[in-house]
Amino acid sequence: MKIIFLDKAAHPFLQEALEAAGHSVDIYSSCARAQVLPLLAEYDGIVLRSRFNVDRELLDAAGPRLRFVARWGVGTDHIDLEYARELGVTVFNSPEGSKHTVAEHTVGMMLMLLNHLGRADREVRAGKWVRSQNTGTELQYLTVGLIGYGNMGQMTARRLSGFGCRVIAHDKFRQNYGDQYATQASLEELQAEADVVSLHIFLEGNHNYVNREWIDRFAKPFYLINTARGQVVNTAELVGAMEQHRILGAALDVNEYEEQSFVKLNPDELPGPYQYLRRSDRTVLTPHIAGWSYEAEEGHARTLYRKITEAFV
Ligand SMILES: NC(=O)c1ccc[n+]([C@@H]2O[C@H](COP(=O)([O-])OP(=O)(O)OC[C@H]3O[C@@H](n4cnc5c(N)ncnc54)[C@H](O)[C@@H]3O)[C@@H](O)[C@H]2O)c1
Ligand SMILES: O=C(O)[C@H](O)COP(=O)(O)O
């Protein structure tokens, strides 16, 4: 097969293994989309992270030779899955690669929020020695509610099991998913009991999932963690709820204003709610790195190699 990489592979295994198996690999990791589109028709497979949307235009440009799109990573919200299916193009992703690091990042964010680690660090660096206002809250006495109990939710529950907290999970599309790490819960039960809520749902059908009405259905003020997708949370409504202490703190690896070109945006020009998140000492913000670890890159490479070769050899 002839395979084109549209993103730089962060681990060499996939390219090396494909070539060793007799396939050819071309790397176009820095070309603009307009330059790449005319090349696609001569390839059987595309490997990419999220540099380009795999939309109708791109799939049509690739044409009938294309057999697969391998998403190096997890989220497929930038891929027109339905059109790919229609065309008979198989789409692979590799949650096996990053599920451990996402879970660790999630738990890390919880610990940061509950123990004010970000703020305390900033204060000490600024020469302040504030102790009583930085008193922590122990995870072991809390109920953590996971929303979405797929790869990331399940791994997070496992990591939490050592902390002694109660873990409940709500998943809208799964049945009988409770296990030794988390108790299955309805959304209503989770909203009645959770002290910490961590989002692990995909974007499709979940734009604005966290909105003011949803937040107000919680019995107690809670901490929110989002490592899923930024547009799952309505930031303005999150900020409103934080101002009224309905949400005690928020740890966001992803945010609503994030775009593929986020690095090109001027953060100072983003809307007011984003500026609130930047200013608040009750937030922890990371630049969409929950799924990024050295180990995850190798995991993505090995997972995709297995999936591609199982399907096409
Ligand atoms: N921040 C990062 O770096 C990073 C890394 C990897 C994945 N992610 C995100 O995490 C998401 C989850 O990944 P995954 O591999 O666990 O996906 P998954 O498909 O295995 O699990 C998602 C689960 O959410 C459930 N779900 C969907 N909508 C729901 C809703 N409204 N209410 C309750 N449950 C719902 C689904 O039934 C599914 O079981 C990805 O789609 C991606 O957006 C982020
Ligand atoms: O879905 C994922 O794998 C993560 O969100 C990382 O996405 P990226 O590979 O597009 O940075």
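Definitions and cut-offs
Residues numbered from 1 in each chain as written. Chains lettered and ligands numbered in written order. Predicted model: local features only at pLDDT ≥ 70, side-chain atom pairs only at ≥ 80, totals over all residues. Heavy atoms only, no water. Axes fitted to C-alpha atoms, helices over the stretch in contact; angles between N-to-C directions. Helix = DSSP H or I, 4+ residues; strand = E, 2+ residues; numbered from the N terminus. Parallel < 35°, antiparallel > 145°, perpendicular 65-115°, else oblique. Left-handed = near helix turned anticlockwise from the far one by under 90°. Contact = heavy atoms within 4.5 Å. Nonpolar A, V, L, I, M, F, W, Y, C, P; charged D, E, K, R; others polar. Phe/Tyr/Trp six-rings, centres within 6.5 Å; stacked < 30°, edge-to-face > 60°. Buried < 20%, exposed > 50% of the residue type's maximum accessible area, 1.4 Å probe, protein only. Lys NZ or Arg CZ within 6 Å of the ring centre and 35° of its normal. Pairing = 2+ DSSP bridges. Core = buried A, V, L, I, M, F, W, Y, C linked by side-chain atoms within 4.5 Å. Domains from an automatic or database assignment. Buried area = accessible area lost by both parts, 1.4 Å probe. Salt bridge = Lys/Arg side-chain N within 4 Å of Asp/Glu carboxyl O. Polar contact = N/O pair within 3.5 Å; in protein donor to acceptor, adjacent residues only side chain to side chain.

As named in an unreviewed UniProt entry, the protein chain is D-3-phosphoglycerate dehydrogenase, taken from Neolewinella aquimaris.

Asker: What's the story with the packing of helix α10 (residues 235-243) against helix α11 (residues 272-279) in this structure? I'm lost.
Answerer: Between two packed helices, both the angle of their axes relative to each other and the distance between the axes serve to describe the pair. Relative to each other, α10 and α11 sit at 50 degrees, their axes nearing to 8 Å. Classed by the angle they form, the pair α10 and α11 counts as oblique. Judged by the sense of rotation from one axis to the other, the crossing of α10 with α11 is left-handed. Seen from α10, the contacting residues are T235, A236, L238, V239, M242 and E243; seen from α11, they are P273, Y276 and L277. Its residues assigned to classes, the contact of α10 with α11 comprises seven nonpolar, one polar and one charged.

Asker: What is the right way to read the packing of aromatic side chains from this model?
Answerer: Two numbers describe a pair of aromatic rings. These are the distance of the centres and the angle of the planes. Applying the stated rule across the entire model yields eleven aromatic pairs. Between W214 and F222 the ring centres are 6.4 Å apart and the planes differ by 75 degrees, which places this aromatic pair in the edge-to-face class. In terms of burial, W214 and F222 fall into one category: buried. Members of the aromatic cluster, connected to one another through ring pairs, are Y209, W214, F218 and F222. Here the guanidinium or amino end of R302 rests over the ring plane of F13, the centre of that ring lying 4.1 Å away.

Asker: Got a minute to help me understand the sheet that holds strand β1 (residues 2-5) in this structure?
Answerer: Two pairing modes exist for strands in a sheet, parallel and antiparallel, and in both the strands are linked by backbone hydrogen bonds. Overall, parallel pairing links the five strands, which are arranged β2-β1-β3-β4-β5 in an open sheet. Two strands in the sheet have a free side with no partner beyond their single neighbour: β2 (24-27) and β5 (90-92). Here the average twist between neighbouring strands, direction ignored, is 20 degrees. Judged from the four bridges that link them, β1 and β2 form a sheet pairing that is parallel.

Asker: Would you take a moment to explain the nonpolar core for this structure?
Answerer: For soluble globular proteins, the rule of thumb is that nonpolar side chains tend to be buried together. If you look at the biggest cluster of nonpolar residues, it comprises 29 residues, and the most contacted ones within it are I147, V197, L199, Y209, W214 and L238. Breaking this core down by element, the ones donating at least two residues are α8 (187-193), β9 (196-199), α9 (212-216), β10 (222-226), α10, β11 (247-252) and α11. For this core, the leading source of residues is α10, giving four residues. Setting aside residues no more than four positions away along its own chain, I147 makes contact with H170, L187, L190, V197, S198, L199, H200, I201, Y209 and W214. One finds M110, A169, Y177 and Y223 within the second-largest nonpolar core, a separate group that totals 22 residues.

Asker: Teacher, can you tell me more about the domain arrangement of the protein chain here?
Answerer: Interface size, as often reported, equals the accessible area lost upon joining of the parts. Once the domains are mapped, the protein chain shows domain 1 (2-93) and domain 2 (98-285). The straight-line distance from the C-alpha centre of domain 1 to that of domain 2 is 32 Å. Domain 1 puts nine residues into the contact, and the matching count from domain 2 is five residues. In total, domain 1 and domain 2 occlude about 450 Å² of area from one another, counting both sides; carbon and sulfur atoms represent 39% of this. Considering only the side of domain 1, the residues that lose the most area to domain 2 are S50, V74 and D77, jointly responsible for 66% of the buried surface there. The interface formed by domain 1 and domain 2 contains one salt bridge. Between the two partners, domain 1 and domain 2, sit one residue pair in polar contact (both at pLDDT 80 or more). Taken together, the residues of the side of domain 1 that touches domain 2 sort by class into two nonpolar, four polar and three charged.

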